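# Report on the structure
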Amino acid sequence: MISTVINEQLGIKYPIFQGGMAWVADASLAAGVSNAGGLGIIAAMNSNGEQLRAEIRKARELTDKPFGVNIMLMSPFVQEVAQVVVEEKVPVVTTGAGNPGKYMKAWNEAGIKVIPVVPSTALAKMAERNGAFAVIAEGGESGGHVGDLTTMALVPQVVDAVSIPVIAAGGIADGRQVAAAFMLGAVGIQVGTRFLVAEECTISQEYKNKILKAKDIDTVVTGKRLGHPVRSIKNSFTREYTKAEYDSSNVSDEELEKMGLGVLRMAAREGEVSKGCVLAGQVASMVKKEQPAKEIIEELFEGAEKVLGGAMKWVK
Ligand code: TUI
């Protein structure tokens with residue numbers, strides 16, 4: 001049984017977080033993961049304050065286990081959702097796509113454990129100084145908004161840079177990768193892509209099928225020109241966007257911005273996986289079948305234990 005400092009402090013059976021994926025991570029998925037012994041996380045990205053409050057309350061009806069909320073710092077509703085997590089006494093808040101510094105005092109005073117996603121050691125240190133409980137070091141293999149460094153390079157550097165717990169994310173979809181994360185010094189993992197096909201995940205079947213059919217080289221990063229690089233499955237949206245981004249220097253930033261509006265919702269909620277943006281990590285091709293969250297978590301940790309148990313066999 002892999003159990004770390006994270007298990008006891010967060011009240012979870014397995015040291016695994018489910019990524020707070022925009023338009024994906026709702027009460028159903030978060031409660032499914034929490035009921036299975038991980039930390040489910042509701043994405044606030046696509047909600048205003050009241051919508052988030054409703055989702056938190058729904059999750060509380062579906063589970064009596066702890067769960068968290070992810071706050072995407074570029075959200076237009078960031079102020080109101082930052083207040084709702086305090087009012088609703090959410091035990092854990094993760095953040096993404098920015099520096100949560102200005103909210104941390106209020107969250108810490110409310111007793112919330114704040115766990116920012118960091119793409120660099122500088123941001124990890126800043127998070128520690130601001131009172132973060134832990135950080136999630138997320139490599140650019142992940143889906144969605146990505147940083148520059150890979151998980152393999154980032155995690156050990158963050159582990160050396162801070163003394164708070166480090167959770168590894170990006171490129172983790174099977175037991176070998178879970179084991180590798182612990183080898184790099186992480187005390188927990190965050191998994192997104194593999195949970196896209198969880199039975200409790202309410203996204204469109206078309207989105208799930210795109211993940212199940214993906215090959216290793218099927219993801220691409222778009223959005224670098226506007227400073228918001230995002231990894232998703234190659235499709236007609238990414239081809240058109242890339243063309244506008246690089247080939248047509250006459251496409252303005254405003255037009256480019258417009259091309260990205262509503263595309264996450266289209267794929268996740270409406271099943272429009274050709275013109276919409278199908279966020280996924282580089283491990284999408286390792287995701288083989290739809291399963292209950294509990295089975296996914298058990299497979300990840302059983303696989304990791306097997307690898308860790310056999311790890312010494314090639315040491316002479
Ligand atoms: O946030 C994510 N993944 C996401 S957010 C999202 S929604 C969206 N994002 C961008 C454009 C359009 C829609 C989809 N996927 N992951 C966590 C993450 N955070 N990855 C990288 C970062 C990050 C990057 C820069 C965190 C902090 C940061 O700080 C820069 C600074 O100094 O402010």
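Preceding block: the structure.
Keep in mind that this is a model prediction, so the values were computed, not measured.

We now examine the pattern of salt bridges. Two side chains carrying opposite charge are able to pair once their charged atoms lie near each other. Enumeration over the complete set of coordinates arrives at 13 salt bridges. Salt-bridge contacts for Arg53 lead to Glu50; the nearest nitrogen and oxygen are separated by 3.0 Å. Linking Arg53 with Glu50, this pair stays in helix α3 (residues 49-62), spanning 3 residues, or about one helical turn. A relative accessible area of 14% means that Arg53 is categorised as buried. Between Asp174 and Arg176 there is a salt bridge whose closest N-O contact spans 2.6 Å. For Asp174, a relative accessible area of 16% corresponds to the buried category. With a relative accessible area of 55%, Arg176 lands in the exposed category.

Another aspect to go through is the site of the ligand. Residues in contact with the ligand amount to 15 residues; listed here are only the nearest, Ala97, Gly98, Leu123, Glu138 and His145. Ala97 has a polar backbone atom sitting 2.9 Å from a nitrogen atom of the ligand. Note that a nitrogen atom of the ligand is positioned 2.9 Å from one of the backbone N or O atoms of His145. Look at the ligand: alone it shows 720 Å² of surface, and the protein chains cover 74% of it. When grouped by side-chain class, the residues that make up the shell around the ligand number 9 nonpolar, 5 polar and 1 charged.

Turning to the sheet that holds strand β7 (residues 144-145), a few remarks are in order. As summarised here, the arrangement of the 3 strands in space is β7-β11-β10, forming an open sheet in which the pairing is antiparallel. Each edge of the open sheet carries a strand with a single partner, namely β7 and β10 (219-222). Relative to strand β11 (residues 230-233), β10 is paired through 4 bridges, and the arrangement is antiparallel. Among the inter-strand pairings, Val220 is bridged to a residue of β11, identified as Ser232. Together, β10 and β11 form the strand contacts of helix α10 (residues 236-247), whose direction differs from that of β10 by roughly 35°.

Take Gln18: it is sitting in strand β1 (residues 16-18). Classification of Gln18 by relative accessible area gives buried; the value is 0%. From its side chain, Gln18 meets the backbone nitrogen of Ile41 in a polar contact 2.8 Å long. Ignoring any residue separated from it by four or fewer positions in sequence, one finds Gln18 in contact with Ala25, Leu29, Ala30, Val33, Leu39, Gly40, Ile41, Gln190, Val191 and Phe195.

Another point: the nonpolar core. Ile71, Phe195, Tyr207, Ile211 and Phe301 are the most contacted members of the largest nonpolar core, which has 89 residues in total. Ranked by residue count, the leading element in this core is helix α13 (residues 293-310), at 6 residues. Setting aside anything within four residues of it in sequence, one finds Phe195 in contact with Ile16, Phe17, Gln18, Met21, Leu29, Val33, Cys201, Ala293, Ile296 and Ile297. By size, the runner-up hydrophobic cluster in this structure holds 15 residues, among which are Phe17, Ile41, Val92 and Phe133.

All right, on to the environment of Lys275 then. Within the secondary structure, Lys275 is located in the loop between α12 (263-270) and α13. Owing to a relative accessible area of 57%, Lys275 belongs among the exposed residues under this scheme. For Lys275 and Ala173, which are 102 residues apart along the polypeptide, the C-alpha to C-alpha distance reads 26 Å. Setting aside its immediate chain neighbours within four residues, Lys275 contacts Ser236, Phe237, Val263 and Met266.

Time to look at α3. It helps to recall that an α-helix has 3.6 residues per turn; residues three or four apart then point in one direction. With 14 residues, α3 should reach 20 Å at 1.5 Å per residue; the first-to-last C-alpha distance of 20 Å fits that figure. Restricting attention to buried positions, one finds in α3 the residues Gly49, Leu52, Arg53, Glu55, Ile56 and Ala59. The arc enclosing the buried residues of α3, seen along the axis, measures out at 165°, which places them on a common side. In α3, the exposed positions that point more than 90 degrees away from the buried face belong to Glu50 and Glu61.

Attention now goes to the pairing of strand β2 (residues 40-43). Of the two faces of β2, the one holding Gly40 and Ile42 and the one holding Ile41 and Ala43 are both buried throughout. Pairing between β2 and strand β3 (residues 67-72): 4 bridges, direction parallel. The partner of Gly40 across the bridge, within β3, is Phe67. A crossover links β2 with its parallel partner β3, the connecting element being α3, and its sense is right-handed.

Mapped onto the elements, Thr63 comes out in the loop between α3 and β3. Looking at Thr63, the relative accessible area reads 7%, which means it is buried.

Let's shift gears to the packing of helix α8 (residues 175-183) against α13. As a packed pair, α8 and α13 sit with axes 7 Å apart at the nearest point and diverge in direction by 60°. Relative to α13, α8 is oriented so that their crossing is right-handed. Residue-level contacts link Gly175, Arg176, Val178, Ala179, Phe182 and Met183 of α8 to Leu300, Phe301, Gly303, Ala304, Val307 and Leu308 of α13. Residues belonging to the contact of α8 with α13 are distributed by class as follows: 9 nonpolar, 2 polar and 1 charged.

Conventions used here
Residues numbered from 1 in each chain as written. Predicted model: local features only at pLDDT ≥ 70, side-chain atom pairs only at ≥ 80, totals over all residues. Heavy atoms only, no water. Salt bridge = Lys/Arg side-chain N within 4 Å of Asp/Glu carboxyl O. Helix = DSSP H or I, 4+ residues; strand = E, 2+ residues; numbered from the N terminus. Buried < 20%, exposed > 50% of the residue type's maximum accessible area, 1.4 Å probe, protein only. Near = heavy atom within 4 Å. Polar contact = N/O pair within 3.5 Å; in protein donor to acceptor, adjacent residues only side chain to side chain. Areas by Shrake-Rupley, 256 points an atom, 1.4 Å probe, with all protein chains shown as cover. Nonpolar A, V, L, I, M, F, W, Y, C, P; charged D, E, K, R; others polar. Pairing = 2+ DSSP bridges. Contact = heavy atoms within 4.5 Å. Axes fitted to C-alpha atoms, helices over the stretch in contact; angles between N-to-C directions. Core = buried A, V, L, I, M, F, W, Y, C linked by side-chain atoms within 4.5 Å. Expected span 1.5 Å × (residues − 1). Arc of directions from axis to C-beta. Right-handed = clockwise from strand over helix to strand, strands pointing away. Left-handed = near helix turned anticlockwise from the far one by under 90°.

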